[in-house]
Amino acid sequence: MALDNLISLSFSKSDLETIDKAIQDIQTVLVGKTINLTPDQRQQYGRIAEQNKLFVNKAKNYMEQYPQHVPGFLDKPEFDRDYAAREQIEQRLQSLDSLTEQLADTKVLLDHDNYHNAISFYRNVRFLSGENVPGTNVIYEDMKQFFVTSSPSQSTQPPTPPPVNNGNKQE
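Cut-offs applied
- Residues take numbers from 1 onward in each chain, read along the sequence in its written order.
- It should be noted that, the model being predicted, local features are given only for residues of pLDDT at least 70 and side-chain atom pairs only at 80 or more, the latter also being counted only at that level, while totals for whole chains, interfaces and linings use all residues.
- Calculation of side-chain values draws on the structure's entire complement of heavy atoms; hydrogens and water are dropped beforehand.
- To form a nonpolar core, buried Ala, Val, Leu, Ile, Met, Phe, Trp, Tyr and Cys residues must be joined to one another through side-chain atoms within 4.5 Å.
- When accessible area is computed with a 1.4 Å probe and restricted to protein chains, residues below 20% of their type maximum are described as buried, those above 50% as exposed, and intermediate ones as partly exposed.
- Labels follow the DSSP assignment, with helices taken as runs of H or I lasting at least four residues and strands as runs of E lasting at least two, numbered in each case from the N terminus.
- Any Lys or Arg side-chain nitrogen located within 4 Å of an Asp or Glu carboxyl oxygen qualifies as a salt bridge.
- Using protein atoms alone on a 1 Å grid, points that fit a 1.4 Å probe yet trap it form a cavity, whereas open point sets bounded by protein on both sides within 12 Å along at least five of seven lines form a pocket; residues with an atom within 4 Å of a point count as lining.
- Grid points are joined across faces, edges and corners, and a volume is the space filled by probe spheres set on the points.
- Throughout, the ten residues Ala, Val, Leu, Ile, Met, Phe, Trp, Tyr, Cys and Pro are labelled nonpolar, Asp, Glu, Lys and Arg are labelled charged, and all others, Gly among them, are labelled polar.
- In summary, the pairing rule links any two rings of Phe, Tyr or Trp, Trp by its six-membered ring, whose centres are within 6.5 Å, and it sorts them by plane angle into stacked for under 30 degrees, edge-to-face for over 60 and tilted for everything else.
- Only when the NZ atom of a Lys or the CZ atom of an Arg is both within 6 Å of the ring centre and within 35 degrees of the ring normal do we say a charge sits over the ring.
- Throughout, an axis means a line fitted to C-alpha atoms (over the contacting stretch in the case of helices), and angles, computed between N-to-C directions, take values from 0 to 180 degrees.
- To sort the angles, those under 35 degrees are grouped as roughly parallel, those over 145 as roughly antiparallel, those from 65 to 115 as roughly perpendicular, and the leftovers as oblique.
- The crossing is said to be left-handed when, going from far helix to near helix, the turn is anticlockwise and less than a right angle, and right-handed when the turn is clockwise.
- Only heavy atoms enter the contact rule, under which two residues are in contact if any of them lie within 4.5 Å.

Asker: Which residues make up the nonpolar core, and what values go with them?
Answerer: Counting 5 residues, the largest nonpolar core is built from Ile-119, Tyr-122, Val-125, Tyr-140 and Phe-147. It is helix α4 (residues 76-130) that contributes the most residues to this core, 3 residues altogether.

Asker: With reference to specific residues and values, describe unusual backbone geometry.
Answerer: One non-glycine residue, Asn-132, adopts positive backbone phi at about 60°. Mapped onto the elements, Asn-132 comes out in the loop between α4 and α5 (136-143).

Asker: Residue-level account of the pattern of salt bridges, with values.
Answerer: One pass over the full model with this rule turns up 11 salt bridges. Ionic pairing is found between Lys-53 and Glu-50, a salt bridge with its closest N-O pair at 3.0 Å. One end of the pair, Lys-53, and the other, Glu-50, are both in helix α3 (residues 50-65), 3 residues apart, so they sit about a helical turn from each other. Connected through salt bridges with shared partners, the residues Glu-50, Lys-53, Arg-86 and Glu-90 form a single ionic network.

Asker: Describe the layout of surface pockets, and please don't skip the residues or the numbers.
Answerer: By volume, the largest pocket is sized at about 1,600 Å³. Lining the largest pocket are 27 residues, and of these Thr-34, Arg-86, Ile-89, Glu-90 and Leu-93 sit closest to its centre. Among the secondary structure elements, those contributing two or more residues to the lining of the largest pocket are α1 (13-30), α2 (39-45), α3 and α4. The dominant element in the lining of the largest pocket, judged by the number of residues it contributes, is α4, at 11 residues. Split by residue class, the lining of the largest pocket holds 14 nonpolar, 4 polar and 9 charged. Contributing elements (two or more residues each) for the lining of the second largest pocket: α1 and α4. Among the elements that take part in the lining of the second largest pocket, α4 stands out by supplying 6 residues, more than any other. Tallied by class, residues from the lining of the second largest pocket come to 9 nonpolar, 2 polar and 1 charged.

Asker: Residues and numbers for the packing of aromatic side chains, please.
Answerer: Scanning all chains against the criterion turns up 4 aromatic pairs. Centroid distance Tyr-122 to Phe-147: 4.6 Å. Interplanar angle 35°. Geometry classified as tilted. Separated by 25 residues along the polypeptide, Tyr-122 in helix α4 and Phe-147 in the segment after α5 bring together distant segments of the chain. Using a relative accessible area of 12% as the deciding quantity, one classes Phe-147 as buried. Through a chain of ring-to-ring contacts, the aromatic side chains of Tyr-122, Tyr-140 and Phe-147 assemble into a single cluster. Its guanidinium or amino end placed over the ring of Tyr-83, Lys-60 lies 5.1 Å from that ring's centre, counting from NZ or CZ.

Asker: Residue-level account of the packing of α3 against α4, with values.
Answerer: Closest axis-to-axis distance for the α3/α4 pair is 12 Å, and the angle between their directions is 140°. The angle between α3 and α4 places the two elements in the oblique class. Here the hand of the crossing between α3 and α4 comes out left-handed. Together, Lys-53, Val-56, Asn-57, Lys-60, Met-63 and Glu-64 of α3 and Lys-76, Phe-79, Asp-80, Tyr-83, Arg-86 and Glu-90 of α4 make up the contact between the two elements. Classifying every residue of the contact of α3 with α4 by side-chain character gives 4 nonpolar, 1 polar and 7 charged.

Asker: Explain the packing of α4 against α5 residue by residue, including any values.
Answerer: Running from amino to carboxyl end, α4 crosses α5 at an angle of 130°, the nearest separation of the two axes being 9 Å. Relative to α5, the element α4 is oriented oblique. Helix-helix and strand crossings are classified by hand; for α4 and α5 the assignment is left-handed. Of the residues in α5, those in contact with Phe-121, Tyr-122, Val-125, Arg-126, Leu-128 and Ser-129 of α4 are Thr-136, Asn-137, Ile-139, Tyr-140 and Met-143. Considering only residue class, the contact of α4 with α5 consists of 7 nonpolar, 3 polar and 1 charged.

Structure follows, in structure tokens:
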């Protein structure tokens, strides 16, 4: 049974060069401006929740309205630079997150199509090998390693690819 092709696309060399150049341009701009935290540092500093972002926004508004109440040890110009940079980064992160999600979702569909087509090919080679079609035994023997079962008693039957359980019809 032929499988539905969930997605079909291709990128021209020019498309890939444009994407790669845009990524490189972003990386170039960010050199020396971004930080890579260790997992422990990420846990230590965490992220502020939406409620705390509202708190920071409210504090900033009050600092602007009542500069006389800003403590002398607080570097307000640095606070303002950090605040502005955070907003600028957040806007770009939202755009990049959207692109990342689109690429990841597209890759999921491409992986799905590729896997199901590979299973169909394997099943056909397994059948052809059982029929002693010349040249198919080598292919079958090489590919069947991906379907080895861990049961103590090995069957004399060739292994069957695991069923794909994703709501699609069985192959």
